[in-house]
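Commentary on secondary and tertiary structure
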Amino acid sequence: MSISSILKQDALAYHSEGKPGKIEVKPTKSTATQRDLSLAYSPGVAEPCLEIAAFPEKVYQYTAKGNLVGVISNGTAVLGLGNIGPEASKPVMEGKGVLFKIFADIDVFDLELNCLEPNDFVETVVRLEPTFGGINLEDIKSPECFEIEEKLKKRLKIPIMHDDQHGTAIISSAALINALEIVGKKINQARFVVSGAGAAAISCVKLYLQLGAKIENFLIFDKDGLVSKARTDLNPYVSPLACDAQEKRTLAEAMKGADVFLGLSVGNIISPDMVATMAKDPIVFAMANPTPEIGYLEAKAVRDDLIMATGRSDYPNQVNNVLGFPFIFRGALDVRASEINDEMKLAAAKALACLAKKPVPDIVNLAYNEKSISFGPDYIIPKPVDPRLITTVSMAVAKAAMDSGVATVQIKNWDEYEHQLAKRLGLDNQVMKFILKRAKSNPKRIVFADAQNLKVLKAVREVLDEGIAKPILLGNQAAIQAICEEHHIDLQGTEILDFKHPDSEPLLKEFADLFYEKRKRRGYTRWEAEKQVRKSNYFAAMMLETQRADGVISGLTKNYPEAIRPALQIIGKKPGVKKVAGMYLLLSKKGPLFFSDTTINFQPDVEDIVEITRLTGEAVERFNLQPRIALLSYSNFGSADGDDAIKMREATHILQKKYPKWLIEGEMQAHLAFDKELRQQNYPFATLGNETANTLIFPNLSAANIAYNLLKEAAEIEYIGPILLGLRKPVHVLQLGASVREIINMVAIAVVEAQTTE
Ligand SMILES: NC(=O)C1=CN([C@@H]2O[C@H](COP(=O)(O)OP(=O)(O)OC[C@H]3O[C@@H](n4cnc5c(N)ncnc54)[C@H](OP(=O)(O)O)[C@@H]3O)[C@@H](O)[C@H]2O)C=CC1
Ligand SMILES: CC(=O)C(=O)O
Ligand SMILES: [Mg+2]
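These numbers come from a predicted model, not from an experiment. (Residues numbered from 1 in each chain as written. Chains lettered and ligands numbered in written order. Predicted model: local features only at pLDDT ≥ 70, side-chain atom pairs only at ≥ 80, totals over all residues. Heavy atoms only, no water.)

**What to know about the overall build of the protein**
Rule in force here: Helical segments are the DSSP runs of H or I of at least four residues, strand segments are the runs of E of at least two, and each set is numbered from the N terminus. Between buried and exposed lies partly exposed: a residue is buried under 20% and exposed over 50% of the maximum accessible area for its type, with that area taken using a 1.4 Å probe on protein chains only. Note on definitions: a residue-residue contact is assigned when non-hydrogen atoms from the two residues lie within 4.5 Å. Working definition of accessibility: Shrake-Rupley area with a 1.4 Å probe, residue cover restricted to the visible protein chains.
Scanning the protein from N- to C-terminus turns up 30 helices and 21 strands. Looking at the protein as a whole, 54% of its 758 residues are labelled buried. Counting contacts in the protein only where the partners sit at least 6 residues apart, residues at least 24 apart contribute 70% of the total. Carbon and sulfur atoms make up 54% of the accessible area of the protein, which totals about 33,800 Å².

Rendered as structure tokens:
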């Protein structure tokens, strides 16, 4: 089966499974009681109707209008697929709706109009104005798209943008600014070749001209060849950009010596030979979707000095309007802008270009499975999953709207606005999203030691649905089935292993022999060994040890030391590990925070702290994050001399020498781990420098345990753990009271660990 046929099947299955399509409408208010329904609909609904009738602006207060964007197309230029019609464009428009929602929390109605005539299109959209807070025109072919947008801009009082024109121009401008900076070329001297003279291409060229590019340095091609003044077939939007050249020049000839190639046409029309003839340090943006004008690998193969971008997510430098439209509309909606003007577009482009030069947050490295993405030829533009996009771009756009006088609502408190924007995305949840994604990429066999439990079974169902792991359930088959029947849980596709059933005797005997071998010089008789492996936690650990499973999730328990004993006795520590430890991952608004040791070592000494820190740092690296470690105490860098302060200070000195690749600092009070300004003012020597810590090491179990429990209860921070560190293979013990979601998260962690310990 070829890769493309697998992708085709996957894509079709993705769209058709469950509810067909990718998006649904959900109520935002309670509808649980009769009273709720009377408020949501008749008679209560009459009150907001009357308020809005009296004061039309109140439509923003009492309805979803202010957060609702219409994504409207007629299907005439759908991606690079051409004029495939309104129905066929619907998957793309639903897709835009999904991106609006996940990246900027904007709700979308996608509307696919059976309408080719520009005036009819305009009249239809004008009539829809009362419904929407903004209009995103999409995949409408040129030149009709220009006329449609121009007319609508004049007629509507809500922000409207043709995404293929302006979204693309904004994103590619940001990428161009940075790419030119990297190769040290000036935009006013750069020679451009453009393939495509449609919506996207024309708008990009116009914005590049505003940025300083010279029209005489452009050679633009459409289906009929070079766009030159000699041609009589050009539409009025293209003809001002036509070049003077009289002779017929081919695309291949034009590419010779060009500094920049911009592709916004169709796939596979540029050959590697053409790229080979470009000037030194060439820039190629092959942005046709889904197939670029030239593939990333083909182009890179012929030039070492090439900066290459495509519209796709599977290679570096994705120059795609997804980086713009969610955040541009977010900013425009939040200040109720009457339009999206040039000032707002330029502000977005500049904000994007600047953002690419800033250190990349952990979460982005994690998403792309990279250690440290940084500004350079392979990273000229932020990644779409960058959580800073919503704050950076939306705030820049909102500010530009206010400064240019098109905002009808003013933002007064920018800190509060920034906080609101971050909250919209629930940024705290992103790390888990990526761990789940990684688990799904290579699901492993996870044995559940205590499967006769409703929460565990519910979690198993979700694990199966999401493809996170291949669960093996230990427990009594009849008892498990009874729970499932009572609660309508379908466990089809799961292996249930009734280890107390007579059929399991041979396995039990094998496990007893192995356990006896491992522990016979630690006081166990053969009889005792057999007794132990008949307990579910021991049996599960034996499955892991004998490669019948890749990870263990032990039962919900309050007796943690007892629950981890089988793991210690059977799996044992990794070579070179002196102590095992427990770590919690807290999904805070500041990003992921790792706390250690929260579960095992009561009163660690200096050596133990060094070992706990090493294990924790290595675990953080397994999440693909760079550990930034703070050793915590009540004292700052020698300001007090109590036992714990001295211990953490000594451990810091040892760790800094032993692990120079990590940022390690201590001893310090917890707030200094985060307040980098205060730290830099008072302790400029501290190795954390301009960074906040993401890994906190506590002086003893009480401190660590109290800290994470306080945060999770008082600050309602979601957490994952305890994650057991130092064992040869993944075994995790669920805390009593763990929710279904927490169980699923632990399963994902175990799967990712199993992937990395293969
Ligand atoms: N990465 C991104 O963010 C974005 C990418 N795009 C991509 O850009 C492309 C164009 O989209 P859009 O501008 O909206 O569509 P349009 O239909 O408005 O424009 C398409 C243009 O491509 C030209 N073209 C078609 N075939 C060729 C060819 N063989 N050689 C040279 N030019 C050709 C057309 O020429 P003619 O005028 O003669 O018909 C037309 O000028 C699509 O592939 C789309 O996916 C678009 C928006 C964003
Ligand atoms: C990305 C996009 O909008 C397009 O390819 O049409
Ligand atoms: Mg498009």
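Back to the write-up after that little detour.
**Focus: the site of ligand 2**
Basically, it comes down to this: If even one non-hydrogen atom of a residue comes within 4 Å of a molecule or strand, that residue is called near it. N or O atoms within 3.5 Å of each other form a polar contact, as long as, within protein, one can give a hydrogen and the other can take it, and as long as residues adjacent in sequence are counted only when both atoms are side-chain atoms. Following the grouping adopted for this structure description, the nonpolar residues are Ala, Val, Leu, Ile, Met, Phe, Trp, Tyr, Cys and Pro, the charged ones are Asp, Glu, Lys and Arg, and the polar ones are all others, Gly among them.
Around ligand 2, the surrounding shell consists of Leu79, Lys96, Glu138, Asp139, Asp164, Asn289, Asn320 and Asn321. Asparagine 289 is positioned with one of its side-chain polar atoms (N or O) 2.8 Å from an oxygen atom of ligand 2. Coverage of ligand 2 by the protein chains reaches 86% of its 220 Å² of free accessible surface. A per-class count over the shell around ligand 2 returns 1 nonpolar, 3 polar and 4 charged.

**Some points on the site of ligand 1**
As a matter of local geometry, ligand 1 sits amid 27 residues, with Ala197, Ala199, Ala200, Lys223 and Asn321 nearest to it. Separating an oxygen atom of ligand 1 from a backbone N or O atom of alanine 197 is a distance of 2.8 Å. When ligand 1 sits alone it has 910 Å² of accessible area, and the protein chains cover 84% of it. Of all the secondary structure elements, the ones that give two or more residues to the shell around ligand 1 are helix 8 (163–183), helix 9 (199–210) and strand 6 (218–222). Its residues assigned to classes, the shell around ligand 1 comprises 12 nonpolar, 11 polar and 4 charged.

**Some thoughts on the packing of helix 19 (residues 454–466) against helix 30 (residues 740–756)**
Axis angle and axis distance: for two packed helices, these are the angle between their axes and the distance between the axes, and together they describe the pair. As a reminder of what qualifies: Working convention: axes come from line fits to C-alpha atoms, limited for helices to the stretch in contact. Angles between N-to-C directions cover 0 to 180 degrees. Angle categories: roughly parallel below 35 degrees, roughly antiparallel above 145, roughly perpendicular from 65 to 115, and oblique for all the rest. Rotating anticlockwise by less than a right angle from the far helix to the near helix defines a left-handed crossing, while the corresponding clockwise rotation defines a right-handed one.
Interhelical geometry of helix 19 versus helix 30 gives an angle of 55° and a closest axis separation of 9 Å. Overall, the two elements helix 19 and helix 30 adopt an arrangement that is oblique. Viewed along their axes, helix 19 and helix 30 form a crossing whose handedness is right-handed. Touching Lys455, Val456, Lys458, Ala459, Glu462 and Val463 of helix 19 are Val740, Ile743, Ile744 and Val747, all from helix 30. Taken together, the residues that form the contact of helix 19 with helix 30 break down as 7 nonpolar, no polar and 3 charged.

**Focus: the sheet that holds strand 17 (residues 628–632)**
Two strands in a sheet stick together by hydrogen bonds in their backbones, pointing the same way (parallel) or opposite ways (antiparallel). Spelled out, the test is: Think of it this way: DSSP has to see at least two bridges between two strands before they count as a pair.
The 6 strands lie next to each other as 18-17-19-16-15-20, forming an open sheet whose pairing is mixed. With one partner strand each, in any of the chains shown, strand 18 (663–668) and strand 20 (718–725) form the two edges of the open sheet. Along the sheet, successive strands turn relative to each other by an average axial angle of 20°, direction set aside. Pairing analysis gives 3 bridges linking strand 16 (residues 591–596) to strand 19 (residues 695–697), with the strands arranged parallel. Bridge pairing in strand 19 links serine 596 to isoleucine 697. Contacts between helix 29 (residues 701–714) and the sheet are confined to strand 15 (581–588), strand 16 and strand 20, with strand 16 contributing the most and set at about 150° to the helix.

**Considering unusual backbone geometry**
At the junction of serine 596 and aspartate 597, the peptide bond is cis and its omega measures out at -20° in the coordinates. The linkage connecting glycine 666 with the following residue, glutamate 667, adopts the cis geometry, with an omega of -20°. With a phi angle near 60°, glutamine 547 is a residue other than glycine that sits in the positive phi range. Here glutamine 547 lies in the loop between helix 23 (536–545) and strand 14 (551–557).

**A word on the coordination of the magnesium ion (ligand 3)**
Stated formally: Donor criterion used throughout: N, O or S atom within 2.8 Å of the metal, extended to 3.2 Å for Na, K and Ca. Water excluded; incomplete-looking sites may result.
Distances from the magnesium ion (ligand 3) to its protein donors, namely Glu138 (OE), Asp139 (OD) and Asp164 (OD), fall within the range 2.0 to 2.1 Å. Each donor residue of the magnesium ion (ligand 3) belongs to the same chain, with the gaps between them written as E-D-x24-D. With glutamate 138 in the loop between strand 3 (134–137) and helix 7 (144–155) and aspartate 164 in helix 8, this pair connects stretches of sequence that are 26 residues apart. Each of the two residues, glutamate 138 as well as aspartate 164, counts as buried.

**Describing the environment of proline 86**
Relative to the helices and strands, proline 86 is located in helix 5 (residues 86–104). What makes proline 86 buried here is its relative accessible area of 13%. The spacing of proline 86 and glycine 75 is 11 residues in sequence and 4.3 Å in space, taken between C-alpha atoms. Excluding anything up to four places from it in sequence, proline 86 contacts Asn74, Gly75, Glu112, Leu113 and Asn114.

**Quick look at the packing of aromatic side chains**
This is how the line gets drawn: Planes of paired rings set the category: under 30 degrees apart is stacked, over 60 is edge-to-face and the rest tilted, where pairs are Phe, Tyr or Trp rings (Trp by its six-membered ring) whose centres lie within 6.5 Å.
For the structure shown, the criterion picks out 21 aromatic pairs. Considering the side-chain rings of phenylalanine 515 and tyrosine 524, the 5.1 Å spacing of their centres and the 80° angle between planes classify their relative orientation as edge-to-face. Exposure class is identical for phenylalanine 515 and tyrosine 524. Each is buried. An angle of 80° between the planes, with centres 6.1 Å apart, marks the rings of tyrosine 683 and phenylalanine 685 as edge-to-face. On the basis of relative accessible area, tyrosine 683 is assigned to the partly exposed category, the value being 21%. Members of the aromatic cluster, joined through ring pairs, are Phe100, Phe325 and Phe329.

**Details of the packing of helix 23 against helix 24 (residues 560–571)**
Where helix 23 meets helix 24, the closest approach of the two axes is 9 Å, and the angle between their N-to-C directions is 30°. Seen along the crossing, helix 23 lies across helix 24 with a hand that is right-handed. Along its contact with helix 23, which presents Asn537, Tyr538, Ala541, Met542, Leu544 and Glu545, the element helix 24 presents Ala563, Arg565, Pro566, Gln569, Ile570 and Ile571. For the contact of helix 23 with helix 24, the residue count by class is 8 nonpolar, 2 polar and 2 charged.

**With respect to the sheet that holds strand 9 (residues 283–286)**
Spatial ordering of the open sheet is given by 7-6-5-8-9-10, a layout of 6 strands whose pairing is mixed. Two strands bound the open sheet, and with one partner strand each, they are strand 7 (225–226) and strand 10 (307–310). Inspection of the sheet shows strand 6 paired to strand 7 by 2 bridges, in the antiparallel sense. Note on strand 7: the bridge partner recorded for phenylalanine 221 is leucine 226. Sheet strands in contact with helix 8 are strand 5 (192–195), strand 8 (260–263), strand 9 and strand 10, and its direction is about 160° off that of strand 9. On the sheet, helix 9 packs against strand 5, strand 6, strand 8 and strand 9 and is oriented at approximately 170° with respect to strand 6.

**Considering the pattern of salt bridges**
Keep this limit in mind: Salt bridges are defined as contacts in which a side-chain nitrogen from Lys or Arg sits within 4 Å of a carboxyl oxygen from Asp or Glu.
Enumeration over the complete set of coordinates arrives at 51 salt bridges. A salt bridge links aspartate 107 to lysine 101, with the nearest nitrogen and oxygen atoms 2.9 Å apart. The class for aspartate 107 is partly exposed, based on a relative accessible area of 29%. For aspartate 608, the salt bridge identified is with lysine 579, shortest N-O distance 3.5 Å. Of the two residues, aspartate 608 sits in helix 25 (residues 606–622) while lysine 579 sits in the loop between helix 24 and strand 15, which places them 29 residues apart along the sequence. The buried category is assigned to aspartate 608, whose relative accessible area is 13%. Members of the salt-bridge network, linked through shared partners, are Glu505, Lys509, Asp513, Arg526, Glu530 and Arg534.

On their own, these measurements won't tell you what the molecule is for.
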